[in-house]
Amino acid sequence: MHLGMLCRLLSVGRAVLAALRGRLSALCWSLTPLSLSLPLPLPGRPRDSPPRWEREQEWDDAAPTPTSVNYHFTRQCNYKCGFCFHTAKTSFVLPLEEAKRGLAMLKEAGMEKINFSGGEPFLQDRGEFVGKLVQFCKQELELPSVSIVSNGSLIRERWFKKYGEYLDILAISCDSFDENVNILIGRGQGKKNHVENLHKLRQWCREYAVAFKINSVINRFNVEEDMNEQIKALNPVRWKVFQCLLIEGENSGEDALREAEKFVISDEDFEQFLDRHKDVSCLVPESNQKMRDSYLILDEYMRFLNCRNGRKEPSKSILDVGVEEAIKFSGFDEKMFLTRGGKYVWSKADMKLDW
């Protein structure tokens with residue numbers, strides 16, 4: 001067949017199809033009242049499935065807001081806790097200005113609380129790095145709550161003098177009030193006494209008006225301990241009690257830097273520990289189920305870490321794709337975050353405390 005003839009036939013065919021589509025559309029429109037008009041179902045999509053734009057809108061509506069973010073800006077640590085689930089797999093730390101840029105993006109996306117963690121946050125530049133971030137978040141971004149989780153071993157009073165006014169909450173990790181147990185766990189550093197240092201930090205928090213919090217990981221070596229008396233004496237605003245958690249690639253599995261299996265306890269063991277401390281008013285328990293999906297974790301590259309599959313699977317960095325795109329892959333369960341009490345009175349300006 002001559003090429004010109006073929007082209008003309010194809011052109012006629014397209015015109016006929018266009019006309020048929022137009023008539024079919026008109027027929028459907030005439031049969032359906034304007035107020036009830038619906039798009040025809042597309043091939044391969046269930047008849048009752050919403051159109052694509054509606055599904056995209058539903059996804060946008062369901063996308064979580066980064067209300068509270070845990071920024072693990074360093075993986076380096078001076079302790080060797082056997083159950084650690086954010087291990088020193090890299091030594092990378094973002095330049096200060098890049099970290100500030102990312103924090104400003106998070107604030108723009110709805111962040112109200114930032115928690116700086118590690119690794120050990122005070123290891124970088126002897127606490128100056130985290131101090132500058134704390135000051136930036138409170139002074140420049142005007143965040144309602146700025147907090148730090150630390151093992152406390154490297155904090156000095158001069159840091160409180162310089163940065164204490166910008167910090168709402170300091171959480172110190174303490175898993176036992178028996179120093180031998182702390183050493184057994186790996187939370188020990190030479191001749192320094194972890195428990196004695198805890199009391200010193202508690203006093204500095206009083207003097208510099210920083211809310212004091214304690215984090216404890218309940219594991220095979222401390223699950224039988226009675227901490228009632230010590231916790232009540234220290235009187236933290238919150239005592240966060242975690243069940244020892246396994247994360248593949250971090251503290252479990254072939255490519256992990258820790259072997260935490262020997263630290264794991266059962267759900268029943270954890271419940272017994274909680275029952276023993278039920279009269280401690282500041283107790284905030286977190287089982288593995290609550291913990292795994294209810295935290296927005298940002299790593300040293302400012303990537304959200306999805307823990308739903310028992311691993312830490314990173315999104316792209318918010319610095320490259322923005323917060324809205326990266327958070328889609330975070331695995332964050334916003335309902336569980338609220339259920340576990342993730343949002344509370346977290347600004348020291350709103351706390352009525354006897355410092």
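As recorded in an unreviewed UniProt entry, the chain goes by S-adenosylmethionine-dependent nucleotide dehydratase RSAD2 and comes from Sclerurus mexicanus. According to UniProt, the comment filed for the chain under the heading Sequence similarities (unreviewed entry) is "Belongs to the radical SAM superfamily. RSAD2 family." Note on the chain: under the UniProt heading Cofactor (unreviewed entry), the record states "[4Fe-4S] cluster".

## Some points on the environment of Gln-289
For Gln-289, the location among the structural elements is in helix H10 (residues 288-293). C-alpha separation for the pair Gln-289 and Leu-245, spaced 44 residues apart in sequence, amounts to 9.5 Å.

## Digging into helix H4 (residues 128-140)
Between its first and last C-alpha atoms H4 spans 17 Å; for 13 residues at 1.5 Å apiece the expected length is 18 Å, and the two agree. Tucked inside the fold, the buried residues of H4 contact strand S1 (68-72), helix H3 (96-108), strand S2 (113-117), strand S3 (145-150) and helix H5 (157-163). Two residues or fewer after H4 comes Glu-142, characterised by a positive phi angle close to 55 degrees.

## Let's talk about unusual backbone geometry
Omega for the bond connecting Gly-118 with Gly-119 falls within 30 degrees of zero, at 10 degrees, which places this linkage in the cis form. In this fold, Gly-119 is placed in the loop between S2 and H4. Even without being a glycine, Arg-126 presents a positive backbone phi close to 55 degrees. Mapped onto the elements of the fold, Arg-126 is located in the loop between S2 and H4. Within the chain, Asn-235 stands out as a residue other than glycine whose phi angle is a positive 50 degrees.

## Let's talk about the packing of aromatic side chains
Counting across every chain of the model gives 15 aromatic pairs. On the numbers, 5.2 Å between centres and 40 degrees between planes, the contact of Phe-73 with Phe-129 is tilted. Of this pair, Phe-73 sits in the loop between S1 and H3 while Phe-129 sits in helix H4; the two residues are 56 residues apart in sequence, bridging distant segments of the chain. Comparing Phe-73 with Phe-129 shows no difference in burial state: the two are buried.

## Section: a positive patch on the surface
A cluster of basic residues, Arg-126, Arg-156, Arg-158, Lys-192 and Lys-200, forms a positive patch at the surface. Mapped onto the fold, Arg-156 is located in the loop between S3 and H5. The exposure class assigned to Arg-156 is partly exposed, which follows from its relative accessible area of 33%.

## Thoughts on the nonpolar core
Within the largest apolar cluster, 69 residues are counted, with the highest numbers of intra-cluster contacts made by Tyr-71, Leu-103, Ile-114, Phe-116 and Trp-239. Not counting chain neighbours up to four residues away, the residues in contact with Ile-114 comprise Val-69, Tyr-71, Leu-103, Cys-137, Leu-143, Ser-145, Val-146 and Ser-147. One finds Tyr-79, Val-217, Met-291 and Cys-307 within the second-largest nonpolar core, a separate group that totals 17 residues.

## Brief notes about the pairing of strand S4 (residues 169-173)
The two faces of the sheet receive side chains in turn, since in a regular strand these alternate between them. With five of five residues buried, S4 is to be regarded as a mostly interior element. Residues of S4 alternate between two faces, with Ile-169, Ala-171 and Ser-173 on one and Leu-170 and Ile-172 on the opposite face, all of them buried. As judged from the four bridges shared by S3 and S4, these two strands associate in the parallel manner. In the strand pairing of S4, Val-149 is matched with Ala-171. Viewed along the sheet, the connection from S3 through H5 into S4 turns out right-handed.

## Section: the pattern of salt bridges
Should the charged atoms of two oppositely charged side chains come close, the side chains can pair. Across all of its chains, the model carries 14 salt bridges by this definition. Here Glu-128 makes a salt bridge to Lys-162, at a shortest N to O gap of 3.0 Å. Here Glu-128, found in helix H4, pairs with Lys-162, found in helix H5; they are 34 residues apart in sequence, far enough to count as distant. For Glu-128, a relative accessible area of 25% corresponds to the partly exposed category. Two residues, Asp-275 and Lys-278, come together in a salt bridge whose shortest N-O distance is 3.9 Å. For Asp-275, a relative accessible area of 47% puts it in the partly exposed group.

Cut-offs and rules
- Residues numbered from 1 in each chain as written.
- Predicted model: local features only at pLDDT ≥ 70, side-chain atom pairs only at ≥ 80, totals over all residues.
- Heavy atoms only, no water.
- UniProt positions renumbered as here; feature names shortened; annotations may be inferred.
- Helix = DSSP H or I, 4+ residues; strand = E, 2+ residues; numbered from the N terminus.
- Expected span 1.5 Å × (residues − 1).
- Contact = heavy atoms within 4.5 Å.
- Phe/Tyr/Trp six-rings, centres within 6.5 Å; stacked < 30°, edge-to-face > 60°.
- Buried < 20%, exposed > 50% of the residue type's maximum accessible area, 1.4 Å probe, protein only.
- Patch = residues over 30% accessible without salt bridge, like charges linked within 9 Å, V, L, I, M, F, W, Y side chains within 5 Å.
- Areas by Shrake-Rupley, 256 points an atom, 1.4 Å probe, with all protein chains shown as cover.
- Salt bridge = Lys/Arg side-chain N within 4 Å of Asp/Glu carboxyl O.
- Lys, Arg positive; Asp, Glu negative; His and termini not counted.
- Charge placed at Lys NZ, Arg CZ, Asp CG, Glu CD.
- Core = buried A, V, L, I, M, F, W, Y, C linked by side-chain atoms within 4.5 Å.
- Pairing = 2+ DSSP bridges.
- Right-handed = clockwise from strand over helix to strand, strands pointing away.

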